[in-house]
Amino acid sequence: MHLKHRLRDAGLAGIAGFVAVICLSYLKHWTHFMVLSAPMGASLVLLLLLPSSPLSRPKNVILGHLLTTCVAVAGLELIPDPLLGLGFCFGLSLALMVVTDTLHPPAGANPILIYLSAAHLSPLDFILPTLAGTLFMVGFASAYHYVFTHRRYPFGPKSHQGEQAKAKPADATAPALGRPDK
């Protein structure tokens, strides 16, 4: 990728990250929920910069975060020893994300964050912010990619590339001249 394209993409992603964090901060202020956290920031990095990654699929982002949050909340209630509970919840969260095909690495930090916060909140005070934050991030990433990157996150490239493929003759076997695909 040429430097000017890399700088453009970096600038757009940086501005989008700024806007997303500001919006999440206002959402936190408005709902009084802790919607903004380090795992959510890491999810934004994947959604803005690696939208085609299987780990960035909306299912993985939303369900990965919800699953790990629910496991940690249940662990807080059921396992009195914080060290044993944290280890068990972290390991179980990883295994469940793999089994349910919802692997999202930033979500793996949720049990650690929840246990280290030592907050004694109701389960919904953990689950609702997670749901609100992930839904916002997926919606934000969809809008960002649609407007600025010529992708239809989470569905891939915009249709103009598909139209070019349809316009090629079916028997064309020679490689197309011009710029190679990325």
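All residue numbers here refer to positions counted from 1 along the written sequence of the relevant chain. Where totals are concerned, whole chains, interfaces and linings use all residues; where local detail is concerned, this predicted model gives features only for residues with pLDDT of at least 70, and gives and counts side-chain atom pairs only at 80 or more. Water and hydrogen atoms play no part in the side-chain values, which are based on all heavy atoms of the structure.

Engineer: What should I look at first to understand the overall build of the chain in this one?
Structural biologist: In this description a helix means any DSSP run of H or I spanning at least four residues, a strand means any run of E spanning at least two, and both kinds are numbered starting from the N terminus. Per the secondary structure count, the chain includes seven helices and zero strands. Seen in sequence order, the chain has helices and strands lined up from the N terminus as α-α-α-α-α-α-α. Within the chain, buried positions represent 32% of all 182 residues. Note that accessible areas follow from Shrake-Rupley with a 1.4 Å probe, and for residues the cover is restricted to the protein chains shown. By element, 71% of the accessible surface of the chain is carried by carbon and sulfur atoms, the whole surface being about 11,300 Å². We call a residue buried when its accessible area falls under 20% of the maximum for its residue type, exposed when it is over 50%, and partly exposed in between, using a 1.4 Å probe and counting protein chains only.

Engineer: Help me out: how do you make sense of the packing of helix α4 (residues 82-99) against helix α5 (residues 109-117) in this one?
Structural biologist: Packed helices, taken two at a time, are described by their axes: the angle between them and the distance between them. Interaxial distance between α4 and α5 falls to 8 Å at its minimum, and their mutual angle equals 160°. One finds that α4 runs roughly antiparallel with respect to α5. In this structure, α4 meets α5 at a crossing whose hand is right-handed. Side by side, α4 and α5 meet where P82, G85, L86, C89, F90 and S93 of the first sit next to P111, I112 and Y115 of the second. Lines are fitted to the C-alpha atoms to define the axes, a helix being fitted only along its stretch in contact, and any angle between axes, read from their N-to-C directions, falls within 0 to 180 degrees. An angle counts as roughly parallel when it lies under 35 degrees, as roughly antiparallel when it exceeds 145, as roughly perpendicular when it falls between 65 and 115, and as oblique in every other case. Note on convention: near helix rotated counterclockwise from far helix by under a right angle means a left-handed crossing. Clockwise means right-handed. Residue contacts are defined here by distance: any two heavy atoms, one from each residue, within 4.5 Å place the two residues in contact.

Engineer: Explanation requested: the packing of aromatic side chains in the structure shown.
Structural biologist: To describe a pair of aromatic rings, you give the distance between the ring centres and the angle between the ring planes. The rule is short: rings of Phe, Tyr and Trp, with Trp giving its six-membered ring, pair when the centres are within 6.5 Å, and they are stacked under 30 degrees, edge-to-face over 60, tilted in between. What the rule picks out here adds up to two aromatic pairs. Measuring from ring centre to ring centre gives 5.8 Å for Y144 and F148, while their planes differ by 40°; the resulting arrangement is tilted. Taken together, the residues span about one helical turn, with Y144 and F148 both in helix α6 (residues 123-149) at a distance of four residues. Accessibility expressed as a relative area gives 45% for F148, which makes it partly exposed.

Engineer: Help me understand a nonpolar patch on the surface in this model?
Structural biologist: A contiguous nonpolar surface patch, about 520 Å² in accessible area, is contributed by I15, F18, V19, I22 and Y26. Within the secondary structure, V19 is located in helix α1 (residues 3-31). Like-charged residues are merged into a patch within 9 Å and nonpolar side chains (Val, Leu, Ile, Met, Phe, Trp, Tyr) within 5 Å, provided each residue has over 30% relative accessible area and no salt bridge. By salt bridge we mean one thing: a side-chain nitrogen of Lys or Arg within 4 Å of a carboxyl oxygen of Asp or Glu.

Engineer: It is not clear to me how the pattern of salt bridges should be interpreted in this structure. Could you clarify?
Structural biologist: Note that side chains of opposite charge can pair when their charged atoms are close. Following the criterion strictly, the structure yields three salt bridges and no others. A salt bridge links D9 to R8; the shortest N-O distance between them is 2.9 Å. Given a relative accessible area of 26%, D9 falls into the partly exposed group. Across the salt bridge formed by D101 and K59, the nearest N and O atoms sit 3.2 Å from each other. Within this pair, whereas D101 is found in the loop between α4 and α5, its partner K59 is found in helix α3 (residues 58-78), the two being separated by 42 residues in sequence. Owing to a relative accessible area of 41%, D101 belongs among the partly exposed residues under this scheme. Residues participating in the shared-partner salt-bridge network are R57, K59 and D101.

Engineer: What is the right way to read the nonpolar core from this model?
Structural biologist: One broad rule of soluble globular proteins: the nonpolar side chains tend to lie buried together. Residues belong to one nonpolar core when they are buried, are Ala, Val, Leu, Ile, Met, Phe, Trp, Tyr or Cys, and are joined through side-chain atoms within 4.5 Å. By size, the foremost hydrophobic cluster in this structure holds 19 residues, and its most contacted members are L24, L47, M137, F140 and Y144. Those elements giving two or more residues to this core turn out to be α1, α2 (38-49), α3 and α6.

Engineer: Could you clarify how one ought to interpret unusual backbone geometry in this entry?
Structural biologist: Both trends apply: most residues other than glycine have a negative phi, and most peptide bonds are in trans. Omega for the bond connecting Y153 with P154 falls within 30 degrees of zero, at 5°, which places this linkage in the cis form. Unusually for a residue other than glycine, D101 sits at a positive phi of about 55°.

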